Amino acid sequence: MTTVAIVGAGISGLTAAWSVRRELPAAQIIVFEGEAQAGGKLRTTDMATGPVEIGAEAWLAVRPEITDLVRRLDLSDHVVEPSQASSALYCNGALHDMPKATLMGIPASSESVAGLVDADTAAKIDAEGDPAKAIPLPWEPGDDMLLGTLIRERLGQQVVDHIASPLIGGVYSALADDLGVRAAVPQLAQELDTMIAEGEPASVTGAVSRIIARRPTLQPGAGRKAVFNTLSCGYRELIDALIDRSDAEVRYGTRVEAIARTSGGFTIESRRIDSEGDQVDRIDVDAVVVAAPADATAKLLTELNADAAEIIGSVDLASSAVVALRYDSDAGLPQHSGILIAADAPVKAKAFTFSSRKWPHLGDRGGAIVRASFGRFKDDWAVHQSDDDLVAMAVADLETITGFAQEPAETLVQRWWGGLPRYGVGHSRLMEIANAELAETEGVAIAGAFMSGVGVPACLNSAYAAADKIVADLRK
């Protein structure tokens, strides 16, 4: 019997297991998971009024991968759209409507960020695309640089701190200064490439203007299409469905410590610590998918492909914490879906999500559910705080920003140690090289957020590619 090992029971690993099962129905599939539960960064936890997400909470509705997966798993009836409540930005001690005519907070003109930047910054934004007023952007197709550096030099520090970093941080748990343009905002890099290829002087505002101009116009009377979707039953049901459909054996609380090649495949060495003590086990398998965080993946690949392991091991990770607060009443809570917080604001939190305002199925329970987010790349103080301190900071910052001063009826704290990869300059190219190296390593594949994106759709794509490689290798 063919045996396939999957290291990691997050969305990437379980999707890979399900994909392998579809192609190899008779295979034995064993999933190793170091934690006591599956799901990775998708984590549904129960509060008194029902389940809430304390990891990723939604997916981009425009991406077909997750919609297709949900349909195949018979969960389409559970897909829900957010309310029409808009998000806000906390800047200069006040709440502002979220600017709309931007690309991840990067404006096409000062008009779209009025009130968020001073007059000098506004003038710099408007002059940036004018060759008579600003130096043309030195950009060549394929170039990359730190996003914060690009925005600061072209548009000013306030655009970095007040707009771009809050929006970027909500996705990547990193400031604009820590992210490469090509990985974090690929549309911008591609548009700059196109402008140069067409012989047009490149500028940030010019590129953003072109991208915004291509966005579909809402027809009169037509409802606005939701940007995000989620599941009313929680991501937990998606994870459970993948485990069920993959018919895999999931070994919880079991950490893979080494993978060695043998004459007929691989030996997996794992360690489990439970009430019976420290148990080491070794099993032989025919192929393996490593769907673990970058640091763990690099360690396991060292003996199989040292070059790929070195590249993947260079990926930095960001730690963060989420605090979920449940209130008996939502009286006085702003009518927003959430608030992003300027990087230079004098509070600890980086964002609040008003989950019961954002998602009608949560609002229908009554009261309020609020999520506070803390921590960014190179700023991991939050994961070292006690639960009580994190809750106290969340409550205090919420009052400072909104005036909402109730005591929560229930709280949950989730720490994400090394939860998200940092996509630095050249990240995409490095991952292409690592994948090319592994293409020559028969019987081994990798999947996960560190490869091409933190969102669920990107993880699914990496899982499908990993499963396809394993199946092809086994059929040779």
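The structure contained in this document is the topic of the report that follows. (Residues numbered from 1 in each chain as written. Predicted model: local features only at pLDDT ≥ 70, side-chain atom pairs only at ≥ 80, totals over all residues. Heavy atoms only, no water.)

### Observations concerning the overall build of the protein
The number of helices and strands found in the protein is 17 helices and 22 strands. Relative to its length of 476 residues, the protein is compact, with a C-alpha radius of gyration of 23 Å against a globular reference of 23 Å. Among the 476 residues that make up the protein, the fraction classed as buried is 54%. Across the protein, every contact between residues at least 6 apart in sequence was considered, and the portion connecting residues at least 24 apart equals 71%. Taken as a whole, the protein presents about 20,500 Å² of accessible surface, with 49% of it coming from carbon and sulfur. (Helix = DSSP H or I, 4+ residues; strand = E, 2+ residues; numbered from the N terminus. Rg over C-alpha atoms; globule rule 2.2 N^0.38 Å. Buried < 20%, exposed > 50% of the residue type's maximum accessible area, 1.4 Å probe, protein only. Contact = heavy atoms within 4.5 Å. Areas by Shrake-Rupley, 256 points an atom, 1.4 Å probe, with all protein chains shown as cover.)

### A few points about the environment of R210
One can find R210 in helix α8 (residues 204-213). For R210 and F32, which are 178 residues apart along the polypeptide, the C-alpha to C-alpha distance reads 46 Å. In contact with R210, other than residues within four places in its own chain, are E191, T194, M195, E198 and E200.

### Description of the layout of surface pockets
By volume, the second largest pocket amounts to about 190 Å³. For the second largest pocket, the lining is made up of 17 residues, of which A343, V347, K348, R376 and D379 are closest to its centre. In terms of residue class, the lining of the second largest pocket is made up of 10 nonpolar, 1 polar and 6 charged. (1 Å grid on protein atoms, 1.4 Å probe; cavity = no way out; pocket = protein on both sides within 12 Å on 5 of 7 lines; lining within 4 Å. Points joined across faces, edges and corners; volume = space filled by probe spheres on them. Nonpolar A, V, L, I, M, F, W, Y, C, P; charged D, E, K, R; others polar.)

### A short note on the sheet that holds strand β15 (residues 277-285)
Sheet architecture is open: 3 strands sit in the order β13-β14-β15, paired in antiparallel fashion. Strands at the two margins of the open sheet, each flanked by one partner only, are β13 (254-261) and β15. Going from strand to strand, the sheet's axes swing by 20° on average, the running direction of each strand aside. (Pairing = 2+ DSSP bridges. Axes fitted to C-alpha atoms, helices over the stretch in contact; angles between N-to-C directions.)

### Section: the environment of E140
Position of E140 relative to the elements: it lies in the loop between α3 (119-127) and α4 (147-155). Linking E140 and M195, residues 55 residues apart in sequence, is a C-alpha distance of 9.7 Å.

### Structural notes on a negative patch on the surface
Together, E237, D240, D244 and D247 give the surface a local cluster of negative charge. Its location among the elements puts D244 in helix α9 (residues 235-246). Judged by its relative accessible area of 56%, D244 falls in the exposed class. (Patch = residues over 30% accessible without salt bridge, like charges linked within 9 Å, V, L, I, M, F, W, Y side chains within 5 Å. Salt bridge = Lys/Arg side-chain N within 4 Å of Asp/Glu carboxyl O. Lys, Arg positive; Asp, Glu negative; His and termini not counted. Charge placed at Lys NZ, Arg CZ, Asp CG, Glu CD.)

### With respect to empty space enclosed by the protein
To locate leftover empty space, one rolls a probe as large as a water molecule over the atoms. The tally for this structure, following the rule as stated, stands at 1 cavity of 30 Å³ or more. Roughly 150 Å³ of internal volume is contained in the largest cavity. Lining the largest cavity are 17 residues, with P51, V52, E53, H361 and L362 sitting closest to its centre. Every element with two or more residues in the lining of the largest cavity is listed here: β4 (50-53), β11 (228-231), α13 (360-363) and β20 (368-374). Its residues assigned to classes, the lining of the largest cavity comprises 7 nonpolar, 6 polar and 4 charged.

### Section: helix α5 (residues 157-172)
With 16 residues, α5 extends only 20 Å from end C-alpha to end C-alpha; this falls clearly short of the ideal 22 Å at 1.5 Å per step. Of all bends in α5, the biggest is about 45°, found at A164, and the proline P166 comes one to four residues later. Among the residues of α5, those classed as buried are V159, V160, D161, H162, I163, A164, S165, P166, L167, I168, G169 and Y172. Of the residues trailing α5, S173 is marked for its positive phi of about 55°. (Expected span 1.5 Å × (residues − 1). Bend = angle between axes of the 7 residues up to and from the residue.)

### Some remarks on the sheet that holds strand β21 (residues 410-421)
One open sheet accounts for 7 strands, arranged β8-β7-β18-β19-β20-β17-β21; its pairing is mixed. What marks the edges here is a single partner per strand, and that holds for β8 (94-97) and β21. Between one strand and the next, the sheet's axes are offset by a mean angle of 25°, whatever the strand orientation. Looking at chain direction, strand β18 (residues 338-341) and strand β19 (residues 351-354) are connected through 3 bridges and run antiparallel. Its bridge partner being in β19, I339 is matched across the sheet by F352. Those strands touched by helix α14 (residues 387-402) are β7 (87-91), β8, β17 (317-327), β18, β19, β20 and β21, and its axis lies near 70° from that of β17.

### Quick look at helix α11 (residues 306-313)
When we look at burial in α11, the residues that qualify are A308, A309, I311 and I312. Each buried residue of α11 lies within a common arc of 165° when the element is viewed along its axis, so the set occupies one face. Close packing links the buried residues of α11 with α10 (294-301), α15 (427-439), β22 (444-446) and α16 (449-452). (Arc of directions from axis to C-beta.)

### Quick word on the packing of aromatic side chains
Inspection of the entire model under this criterion finds 4 aromatic pairs. On the basis of an interplanar angle of 50° and a centroid distance of 6.2 Å, the ring pair of W59 and Y235 is categorised as tilted. Pair noted here: W59 is in strand β5 (residues 59-60) and Y235 is in helix α9, with a separation of 176 residues, a long-range link. Neither residue differs from the other here; W59 and Y235 are each classed as buried. (Phe/Tyr/Trp six-rings, centres within 6.5 Å; stacked < 30°, edge-to-face > 60°.)

### Quick look at the packing of helix α1 (residues 11-23) against helix α17 (residues 456-475)
One can describe the packing of α1 onto α17 by two numbers: an axis separation of 8 Å at closest approach and a directional angle of 40°. With respect to each other, α1 and α17 are oriented oblique. You can see that α1 and α17 cross each other, and the crossing is right-handed. When α1 is examined against α17, the residues I11, S12, T15, A16, W18, S19, V20 and E23 are found in contact with a partner set consisting of V456, C459, L460, S462, A463, Y464, A467, V471 and R475. Along the lines of polarity and charge, the residues of the contact of α1 with α17 split into 11 nonpolar, 4 polar and 2 charged. (Parallel < 35°, antiparallel > 145°, perpendicular 65-115°, else oblique. Left-handed = near helix turned anticlockwise from the far one by under 90°.)

### Observations concerning the state of the cysteines
Evaluation of the coordinates by the stated rule reveals 0 disulfides. The thiol of C233 is not disulfide-bonded; the next cysteine sulfur, from C459, is found 19 Å away. (Disulfide = S-S within 2.5 Å.)

### With respect to the environment of R71
By secondary structure assignment, the location of R71 is in helix α2 (residues 64-72). Remark: the alpha-carbon pair of R71 and E303, spanning 232 residues in sequence, is separated by 39 Å.

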